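A structural walkthrough
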Amino acid sequence: MSPCFLQVAVPSPLQRVFDYRAPADWGADRLQPGVRVRVPFGRGEQVGVVLAVRDRSEVPAAKLKTAHALLDDIPVLPPDLLALVQWASRYYHYPIGEALATALPVLLRRGHQGRIAGVKEWRLTEAGRAVAADHLKRAPRQLALLQQLRRHPAGLPREALEANAATLRALVDKGWVEERERPCLEAVPASPEPAPELNAGQAGAVAAVTARLGGYGAFLLEGVTGSGKTEVYMQLIAACLEQGRQALVLVPEIGLTPQLVARFRGRFTRPLAVLHSGLNDRERLCAWQSAAAGEAAVVIGTRSAVFTPLPRLGLVLVDEEHDASLKQQEGFRYSARDLAVWRAHREAVPVVLGTATPSLESLYNVAQGRYARLHLPERTGSARPPRVGLLDIRRQPMDSPLAPALQAAMERHLAAGGQVLLFLNRRGFAPTLLCHECGWLADCPRCDAHMTLHQRAARLRCHHCGHERALPHQCPGCGSPDLLALGKGTERIEEYLAARFPDQETIRIDRDTTRRKGALEARLAQATEGVARILVGTQMLAKGHHFPQVSLVAILDADQGLFSNDFRAAERLAQLIVQVAGRAGRADRAGEVLIQTHHPEHPLLQQLVLQGYGAFAEAALAERQAAGFPPFASLALLRAEASGREPALAFLEEARDAARALGQAGVQFWGPVPAPMERRAGRYRAQLLLQAPERGALQQLLDPWVLQLEQLKSARKVRWSLDVDPVDTL
Ligand code: ADP
Ligand code: ZN
Ligand code: ZN
């Protein structure tokens, strides 16, 4: 038998693959692209993925090492997915080994072999469920655990239990708590929820996409919040499942999934797998394997779910396609939306991008004829679009974060039995602390940023680097005790509400109140059921959720996004406002939206309020065209950070000169300049922007350039990264 060589992608920052000799006894038939191998690498060992099997290698025989172990009989990544990751690695200029490592579940990356049967969970036994609380009066920790498990009758994995080993042991010994293995896929409902009859718009959308099942077609499903997009998704999935195929659904954030997942679960009699960042490694692999084995008929997941193997893929859906979090912002900076479209094209299945506020990119693709637009112009049932008003807060009394007119509106809506949602995209009590005596500000020692005041925790925390310290009682500068909380965050609003509306139950939903596993679900449930009358929160509250009783939505500070340097800031703000506003009046209540601003005359706000998102988007597209920005041009951002300003800028200058020397026409360079927040976590950051009217020209430059960057002398002193199609240039 002729010798056998493997081209292996090994996690490494180098833009290349590595050749290995395959031991003779491995058998050529087992060796195929997509299987994992354990190989010697540097001084240690790595798990890599075989990209190609060859009968010769350009590497001199003396330098070739032999692979140690073959981990798979069948590829962990089937050919279509391997092609997807390889394409993405080239397009985003990210090393293939690292790209594959991102695409694979952690356990596979580490070399795990074999199927995982289920995930271990702890839950109450029947005896445990029957225990009266006063039984455990003397053992508050055990009681707390018991109550936690009561709130989660289906069980919780070990790391989610708020208990130490002794507490858990004690309850197990009493026979009240037990461990069980939950199968990867949950049981499907015996009698699924019936599907409603579609309205004309929905029916048209479903018909248009189902007509294309079995081949590629890209659709933008544009429908205002509450227009029934999710219902369209479900009926499309049903049609896909009927053909015996699998469906892939991508959602931007974990916060969006609980309600969506519950709706999907109730509807389908085929199993559904959920993939999101809240899973532990076993849960993730479990879900991944059930999808790869074809057992999960529907996979719902965040970004990286786009890499899930689905042997019978029939349909791809991307919900909230405009959402920036579909783009990974570190490491492998891929756009899950764009890869979803690529994958659908390659695997010849329809892809539907749904949203109430389409990205300008997708609108442009519609205009270019690349996507078909499906429009749901109206809310379903009796729900009407909300009334939107701007609240001018100039010269308003400063003693309350809520304008008197907003307070009056809240009273009206609460009295009428409605729920009120207050949106503020800033968690914590106040953005910073100020000394009234000397002007000292609580700045982060490691960032060009203020530290956020967290009153209840009595801490100052930097939201950029995580640095924290105890809340000082005196000014570190002058010793004065006269410290003022400057500005407002959700925690402060919550405190204010408790004093102003003492009889109304208030619930706060932000990253601080939802850290614990299950906390978000619990709070969303309280919000949905209407237990809490006033909801206050950050963007976690803004998207995707359906709160039937909310009739008033207020955006407490629309000014944050009005004057940003980022070219996408206006688009972001418009989308956020429309999404938040969409939480109002979703069922039979008339909705009202109030936007607090110091700039009521701002054209963006005026356009949105008077003419709506479509008009805004049209104007924004015209501006982008005039400025030569995406979608009318392609961008790449080279970022560098170093221990000082100089090395970062020096590297970028050398990089820019190297790029110029390549002589690629049609690419412009902007910078290098220090990043808008230059210092972060003690590192100095700078950036160089590349702009090209043609995507092809940019890619032609990037290919050779990235290889040169690795070699630049100045590269040794910096950490750099390339961001192709950056979602922000900050
Ligand atoms: P979106 O995803 O666009 O926000 P949903 O699909 O969640 O909209 O629909 C909003 C509400 O209207 C939901 O409560 C949903 O159950 C209901 N709904 C959707 N389509 C129909 C329909 N054809 N008939 C009756 N109710 C519907
Ligand atoms: Zn002071
Ligand atoms: Zn910091």
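A few points about the site of ligand 1
The immediate surroundings of ligand 1 are formed by 17 residues, with Glu197, Gln202, Thr230, Arg263 and Thr380 found nearest. Contact between ligand 1 and glutamate 197: a nitrogen atom at 2.7 Å from a main-chain N or O atom of the residue. Within the contact set of ligand 1, an oxygen atom lies 3.3 Å away from a backbone nitrogen or oxygen of serine 227. Protein contacts shield 75% of the accessible area of ligand 1, which totals 550 Å² for the unbound molecule.

Some thoughts on the coordination of the zinc ion (ligand 2)
The coordination sphere of the zinc ion (ligand 2), as far as protein atoms go, consists of Cys435 (SG), Cys438 (SG), Cys475 (SG) and Cys478 (SG), spread over 2.2 to 2.4 Å. Classification of the site at the zinc ion (ligand 2) rests on its four donor atoms, whose angles at the metal span 106 to 113°, yielding the label tetrahedral. For the zinc ion (ligand 2), the donor residues sit on a single chain with the sequence spacing C-x2-C-x36-C-x2-C. According to the relative accessible area criterion, cysteine 478 is partly exposed, its value standing at 40%.

Considerations on helix α6 (residues 165-173)
The complete set of buried residues in α6 reads Thr167, Leu168, Ala170 and Leu171. Buried residues in α6, looked at end-on, bunch into an arc of 155°, giving them a common side. In this structure, α6 carries Ala165, Ala166 and Asp173 as exposed residues pointing more than 90 degrees from its buried face. Each element contacted by the buried residues of α6 is listed here: β7 (118-124), α5 (140-151) and β8 (177-183). Directly beyond the C-terminal end of α6, a positive phi value near 80° is found at glycine 175.

A word on the domain arrangement of the chain
Taken as a whole, the chain is organised into domain 1 (5-109), domain 2 (118-183), domain 3 (200-282 + 291-376), domain 4 (387-427 + 489-622), domain 5 (431-484) and domain 6 (634-724). Each of domain 2 and domain 6 has a C-alpha centre, and the two are 53 Å apart.

A few points about the packing of helix α19 (residues 645-661) against helix α20 (residues 695-711)
Closest axis-to-axis distance for the α19/α20 pair is 10 Å, and the angle between their directions is 135°. By the angle class used here, α19 and α20 are oblique. Crossing geometry of α19 relative to α20 is assigned as right-handed. Between α19 and α20, the residues in contact are Phe651, Ala655, Ala658 and Ala659 and Leu701, Trp705, Gln708 and Leu709, respectively. Here the residues of the contact of α19 with α20 are counted per class, giving seven nonpolar, one polar and no charged.

A look at the sheet that holds strand β30 (residues 719-724)
In space, the four strands of this open sheet follow the order β28-β29-β27-β30, with antiparallel pairing throughout. Lying at the two open borders of the sheet, with one neighbouring strand each, are β28 (668-680) and β30. Pairwise comparison of adjacent strand axes, ignoring direction, gives a mean angle of 20° for this sheet. Where β28 lies against strand β29 (residues 683-692), seven bridges are found, and the strand directions are antiparallel. Paired with phenylalanine 669 across the two strands is leucine 690, which belongs to β29. Strand contacts of α20: β27 (634-642), β28, β29 and β30, with the helix running at about 165° to β30, the strand carrying the most contacts.

Considering the sheet that holds strand β26 (residues 592-597)
Read from one edge to the other, the open sheet built from six strands follows the order β16-β26-β25-β17-β24-β23, with strand pairing classed as parallel. Either end of the sheet is taken by a strand with one partner, and the two such strands are β16 (387-392) and β23 (506-509). For this sheet, the mean angle separating the axes of adjacent strands, direction not counted, is 20°. Of the strand pairs in this sheet, strand β25 (residues 550-555) and β26 are connected by four bridges, and their pairing is parallel. In the sheet register, leucine 552 faces β26, and the bridge partner there is glutamate 592.

Quick notes on the packing of aromatic side chains
Evaluation of the coordinates by the stated rule reveals 14 aromatic pairs. With 4.6 Å between their ring centres and 5° between their planes, phenylalanine 567 and phenylalanine 629 make a pair best called stacked. Taken together, the residues phenylalanine 567 in the loop between β25 and α16 (569-581) and phenylalanine 629 in the loop between α18 (613-627) and β27 connect sequence positions 62 residues apart. Here phenylalanine 567 falls in the buried class, since its relative accessible area comes to 15%. Between the aromatic rings of phenylalanine 651 and tryptophan 720, the centroid separation amounts to 6.1 Å while the plane-to-plane angle is 25°, which identifies the pairing as stacked. Separated by 69 residues along the polypeptide, phenylalanine 651 in helix α19 and tryptophan 720 in strand β30 bring together distant segments of the chain. What makes phenylalanine 651 buried here is its relative accessible area of 0%.

A closer look at the packing of α16 against helix α17 (residues 603-611)
It is at 11 Å that the axes of α16 and α17 come closest, and there the two elements cross at 35°. Relative to α17, the crossing made by α16 is right-handed. Of the residues in α17, those touching α16 at Ala570, Leu573, Ala574, Ile577 and Val578 are Leu604, Leu605 and Leu608. When grouped by side-chain class, the residues that make up the contact of α16 with α17 number eight nonpolar, no polar and no charged.

Calculation notes
Residues numbered from 1 in each chain as written. Chains lettered and ligands numbered in written order. Predicted model: local features only at pLDDT ≥ 70, side-chain atom pairs only at ≥ 80, totals over all residues. Heavy atoms only, no water. Near = heavy atom within 4 Å. Polar contact = N/O pair within 3.5 Å; in protein donor to acceptor, adjacent residues only side chain to side chain. Areas by Shrake-Rupley, 256 points an atom, 1.4 Å probe, with all protein chains shown as cover. Donors = N, O, S within 2.8 Å, 3.2 Å for Na, K, Ca; no water. Tetrahedral: all angles 85-135°; square planar, octahedral: opposite > 155°, others 65-115°. Buried < 20%, exposed > 50% of the residue type's maximum accessible area, 1.4 Å probe, protein only. Helix = DSSP H or I, 4+ residues; strand = E, 2+ residues; numbered from the N terminus. Arc of directions from axis to C-beta. Contact = heavy atoms within 4.5 Å. Domains from an automatic or database assignment. Axes fitted to C-alpha atoms, helices over the stretch in contact; angles between N-to-C directions. Parallel < 35°, antiparallel > 145°, perpendicular 65-115°, else oblique. Left-handed = near helix turned anticlockwise from the far one by under 90°. Nonpolar A, V, L, I, M, F, W, Y, C, P; charged D, E, K, R; others polar. Pairing = 2+ DSSP bridges. Phe/Tyr/Trp six-rings, centres within 6.5 Å; stacked < 30°, edge-to-face > 60°.

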